[in-house]
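# Observations on chain architecture
Chain residues, written in single-letter form:
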There are 2 protein chains.
Amino acid sequence: MENQRPLILISNDDGIVAKGISELIKFLRPLGEIVVMAPNAPRSGSSAALTVTEPIHYQLVRKDVGLSVYKCSGTPVDCVKLAFHTVLDRTPDLVVCGVNHGDNSGVNVHFSGTMGGVIEGCLKGVPSIGFSLCSHEPNADFDPSGPYIRNIARLVLEKGLPPLTCLNVNFPVAKEMKGIKICEQSKGDWINEWESFAHRGNSHYYWLSGEFRDVDSENEKNDHWALENGYVAITPIKVDVTDYGFIDELQTWF
Amino acid sequence: MENQRPLILISNDDGIVAKGISELIKFLRPLGEIVVMAPNAPRSGSSAALTVTEPIHYQLVRKDVGLSVYKCSGTPVDCVKLAFHTVLDRTPDLVVCGVNHGDNSGVNVHFSGTMGGVIEGCLKGVPSIGFSLCSHEPNADFDPSGPYIRNIARLVLEKGLPPLTCLNVNFPVAKEMKGIKICEQSKGDWINEWESFAHRGNSHYYWLSGEFRDVDSENEKNDHWALENGYVAITPIKVDVTDYGFIDELQTWF
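Now for a description of the structure that goes with this document.

Cut-off values and rules
Residue positions are given per chain, counting from 1 as you read along its sequence in written order. Chains and ligands are labelled by the order in which they are written, letters from A for the one and numbers from 1 for the other. Side-chain atom pairs in this predicted model are given and counted only at pLDDT of 80 or more, local residue features only at pLDDT of at least 70, and totals for whole chains, interfaces and linings cover all residues. Helix and strand assignments follow DSSP, with helices taken as H or I runs no shorter than four residues and strands as E runs no shorter than two, numbered in order from the N terminus. Within these notes, the globule rule equals 2.2 Å times the number of residues to the 0.38 power, and the radius of gyration is based on C-alpha atoms. As a rule, residues whose C-beta atom has 12 or fewer other C-beta atoms within 10 Å are exposed, those with 20 or more are buried, and those in between are partly exposed; C-beta atoms are placed from the backbone. Note on contacts: each residue gets a C-beta atom placed from the backbone, and two residues are in contact if those atoms are within 7 Å. Each residue gets one label: Ala, Val, Leu, Ile, Met, Phe, Trp, Tyr, Cys and Pro are nonpolar, Asp, Glu, Lys and Arg are charged, and the others, such as Gly, are polar. DSSP bridges decide pairing: two strands pair if at least two such bridges lie between them. Each axis is a line fitted through C-alpha atoms, and for a helix only the stretch in contact is used; angles between axes span 0 to 180 degrees, taken between their N-to-C directions. Reported orientations rely on four angle classes, namely roughly parallel under 35 degrees, roughly antiparallel over 145, roughly perpendicular from 65 to 115, and oblique for the rest. Handedness of a helix crossing follows the sense of rotation of the near helix relative to the far helix, less than a right angle counterclockwise being left-handed and clockwise being right-handed.

## A closer look at the overall build of chain A
- Scanning chain A for helices and strands turns up six helices and 13 strands.
- Taken over the C-alpha trace, chain A has a radius of gyration of 19 Å; the compact-globule value for 254 residues is 18 Å, and the two agree within 12%.
- Taking the principal axes of its C-alpha atoms as reference, chain A extends roughly 55 × 50 × 45 Å.
- Counting the 254 residues in chain A, one finds 53% classified as buried.
- Considering only contacts in chain A between residues 6 or more positions apart, those separated by 24 or more positions represent 76%.

Here it is as structure tokens:
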């Protein structure tokens, strides 16, 4: 078991054929042995959803030296859970999801399937990172993010992360980024969220859309600010979501 | 606009026909005007998932004095978002999801569609509560939880909640509960999560299952402990999930 290379589990929510996950594999291969378990189709916006009403299945797609790739019919959380149960022969040293095609900063952390997979890795006690690029283009250019991704992953392998904390890393679209900012989750919400699509009989059809309204847009600590200003945004995320600061007051209610 | 009764938006993840949501409507009707927008079919384990690859639709199911009920093809988060956009004529005073058929304490907060809807209500700036009963029985007895649900909802209407904080309330199965405990999210994870189901060709089929392993089971502050010991567990939940305590150390990495 000595001198084993680090074992890295990779997943995403855009699915196994997305460019983002291919690029992520390429960036991380020099760091260790890679096992990929990714959805067989897009699962964007799947949050930490589980598949509970039907069985899921997986298949080997490709095997190479230091690289095994599987596709799975489940969500990103299913993928991570199932990889631990089936294809990983030891606990991985790192769980990485992405690179997502689209911004997962701010409140998007709650809706993101990429971050869902990361949260699951973190709950399993493994240092876990989500990487996202602020572009939905299928052929987006991930090259500028490559050196950052490799460096951040290497640092996390070396230093670890606190228990129940994971990283949400977002990249702006830029040939040259201005460096890294350690950030807070931007406050704000989505507005103009629905496009009226059609009416048929008594049914009203709507398509999810919308724009993010940053309610604290001048705050340089926000991940949204960092991205708007050309920085790589690293937001540390807690999976123990207890509001400890409200417990004492809530006690007085009853 | 004076003397308006409170407006309460209700959703769930077990779907519009579940007993839990009928019971919730019954318990909360005395407190105000009720609008229900709930999934047209079960969405258990849907977390804060969004529907992004197809349009969603909704239909009026029932209208009565102070009660409008709609069913929707989307997830709990979709239901809450769409209700705000379409059927609510003003910002509600309270968003309530449940009563869930099944325990949403501990790490289940991340996977729960019920809590997904609650998180969305909270992100929209409205005091939001999720109620869950530790029983998956379709015909579970919700009566013992009724007085607690009405009292907790009344207190939240009266006192509000801190911004970006919501409540995760879980009930044990008991004719008489021992009272309320204000709790922390139990540490722990799920083990033995997959039942091998079948093999067909190169595909391996698995069904999600598992049992919760509480890693801190003697800690009387845990919501899991409270439920095991017959108490109603109220866990305050943050939707700003930034790990503020790790920012300074992370700064030193780069």
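Still more ground to cover, so stick around.
## Details of unusual backbone geometry
All names here are of chain A.
- Backbone torsion omega between glycine 98 and valine 99 reads -15°, so that peptide bond is classified as cis.
- Looking at where valine 99 falls in the secondary structure, it is placed in strand E5 (residues 94-101).
- You will see that leucine 164, though not glycine, has its phi angle at about 65°, which is positive.
- Relative to the elements of secondary structure, leucine 164 occurs in the loop between helix H4 (146-159) and strand E7 (165-171).
- A count of 18 C-beta atoms within 10 Å places leucine 164 in the partly exposed class.

## Digging into the interface of chain A and chain B
- Contacts between the two partners involve 63 residues from chain A and, on the opposite side, 63 residues from chain B.
- Ranked by the residues each element gives to the side of chain A that touches chain B, the list is headed by strand E11 (residues 203-208) of chain A, at six residues.
- Within the side of chain A that touches chain B, the residues separate by chemical class into 35 nonpolar, 20 polar and eight charged.
- Pairing between E11 of chain A and strand E3 (residues 56-64) of chain B: three bridges, direction antiparallel. Within E3 of chain B, the position partnered with tyrosine 206 of chain A by the bridge is isoleucine 56 of chain B.

## Thoughts on the packing of helix H1 (residues 19-28) of chain B against helix H4 (residues 146-159) of chain B
All names here are of chain B.
- The geometry of H1 relative to H4 is characterised by a closest axis approach of 9 Å and an angle of 60° between their N-to-C directions. Here H1 lies oblique to H4, going by the angle between them. Two packed elements cross with a definite hand, and for H1 against H4 that hand is right-handed. Together, Leu24, Phe27 and Leu28 of H1 and Gly146, Ile149, Arg150 and Ala153 of H4 make up the contact between the two elements.
- Each residue belonging to the contact of H1 with H4 can be placed in one class, and the counts come to five nonpolar, one polar and one charged.

## Comments concerning the sheet that holds strand E3 (residues 56-64) of chain A
- Taken together, the 11 strands give an open sheet; going across it, the order is E8(A)-E13(A)-E7(A)-E6(A)-E5(A)-E1(A)-E2(A)-E4(A)-E3(A)-E11(B)-E10(B), and neighbouring strands pair in mixed fashion. Sheet topology places strand E8 (180-182) of chain A together with strand E10 (194-200) of chain B at the edges, where each strand pairs with a single neighbour. Direction aside, neighbouring strands of the sheet carry axes that sit 25° apart on average.
- Pairing analysis gives four bridges linking strand E1 (residues 7-11) of chain A to strand E2 (residues 33-39) of chain A, with the strands arranged parallel. If you follow leucine 7 of chain A over to E2 of chain A, its bridge partner there is glutamate 33 of chain A.

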